[in-house]
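Coordinate inspection notes
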Amino acid sequence: MAVTAASLIQMVRDDLDEQTAAHYSDAMIIRWLNRAQYDIANGMPQEKINLLPGLIASATGASISVALPGDFLRVIKLTLDGVASPVITPDDWLMDTGRPLKSLDSYGYILDGEINFGSSATYVLYYLKMPTSLTLLSTSMDYPDSFAHPLTLFAAGLGLIQDKWVQQGTELVTLFEKAMQNILSMPWMSVEGGTDDTK
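As the structure is a computational prediction, the values presented were derived from the model and not from experiment.

Details of the side chain of Asn34
- Positionally, Asn34 belongs in helix H2 (residues 26-43).
- By relative accessible area, which is 18% here, Asn34 ends up buried.
- Engagement of the side chain of Asn34 in a polar contact is seen with the side chain of Gln37, the distance being 3.2 Å.
- Side-chain polar atoms of Asn34 contact the backbone nitrogen of Leu134, separated by 2.6 Å.
- For Asn34, the residues in contact, after removing those within four places along its chain, are Thr132, Ser133 and Leu134.

Written out as structure tokens, the structure reads:
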């Protein structure tokens with residue numbers, strides 16, 4: 001059952017012990033939830049990406065220079081047809097600067113928001129996409145339901161810290177970290193449909 005934005009807001013209010021919008025508006029909580037969604041996805045260990053099947057996407061093409069998808073967040077892997085070493089993993093990329101982290105031989109590199117190859121190749125880019133921003137009317141989130149509790153703990157903690165309630169906010173962030181440890185210790189999950197194409 002999909003967790004709605006209204007349910008997430010109420011869970012944050014439970015964590016804040018504020019059942020009505022006396023101090024924190026729904027719109028403010030939605031902003032915290034969206035920040036938490038982004039931070040959790042961006043910080044997800046690479047080997048646990050498949051715990052977020054709703055955020056796994058792919059793009060296929062055949063060109064020397066191809067613009068990255070608009071919802072691109074992180075490389076999962078890149079497969080190239082017709083080359084000796086067909087898989088390039090995130091260890092080969094330095095996403096923060098766009099410069100190669102180590103040699104990619106003649107296969108390519110990321111620069112200025114594009115994938116560039118030394119020669120034309122058919123590729124499939126598997127990537128982690130940006131979570132869809134929640135709104136007050138959202139009926140679901142991209143995350144599995146098991147992420148709802150840590151997501152709301154993190155959002156509430158961020159909100160309290162921003163509101164200068166640092167100790168209380170830090171306590172909630174600590175609870176979030178423990179909840180995430182429990183999720184990350186779960187058995188490996190494959191993408192929807194039972195096939196893991198990202199390994």
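On we go.
Observations concerning the pattern of salt bridges
- Per the stated rule, a full pass over the model turns up 3 salt bridges.
- Close ionic contact of Arg13 with Glu18 constitutes a salt bridge, the shortest N to O distance being 2.7 Å. Pair check on accessibility: Arg13 and Glu18 agree, each one buried.
- The partner of Arg35 in a salt bridge is Asp39, with the nearest N and O atoms 2.6 Å apart. Here Asp39 and Arg35 lie together in helix H2, a separation of 4 residues that amounts to about one turn.
- The exposure class assigned to Arg35 is partly exposed, which follows from its relative accessible area of 41%.
- Residues joined in a network through salt bridges with shared partners are Arg13, Glu18 and Asp26.

Parameters and conventions
Residues numbered from 1 in each chain as written. Predicted model: local features only at pLDDT ≥ 70, side-chain atom pairs only at ≥ 80, totals over all residues. Heavy atoms only, no water. Helix = DSSP H or I, 4+ residues; strand = E, 2+ residues; numbered from the N terminus. Buried < 20%, exposed > 50% of the residue type's maximum accessible area, 1.4 Å probe, protein only. Polar contact = N/O pair within 3.5 Å; in protein donor to acceptor, adjacent residues only side chain to side chain. Contact = heavy atoms within 4.5 Å. Salt bridge = Lys/Arg side-chain N within 4 Å of Asp/Glu carboxyl O.

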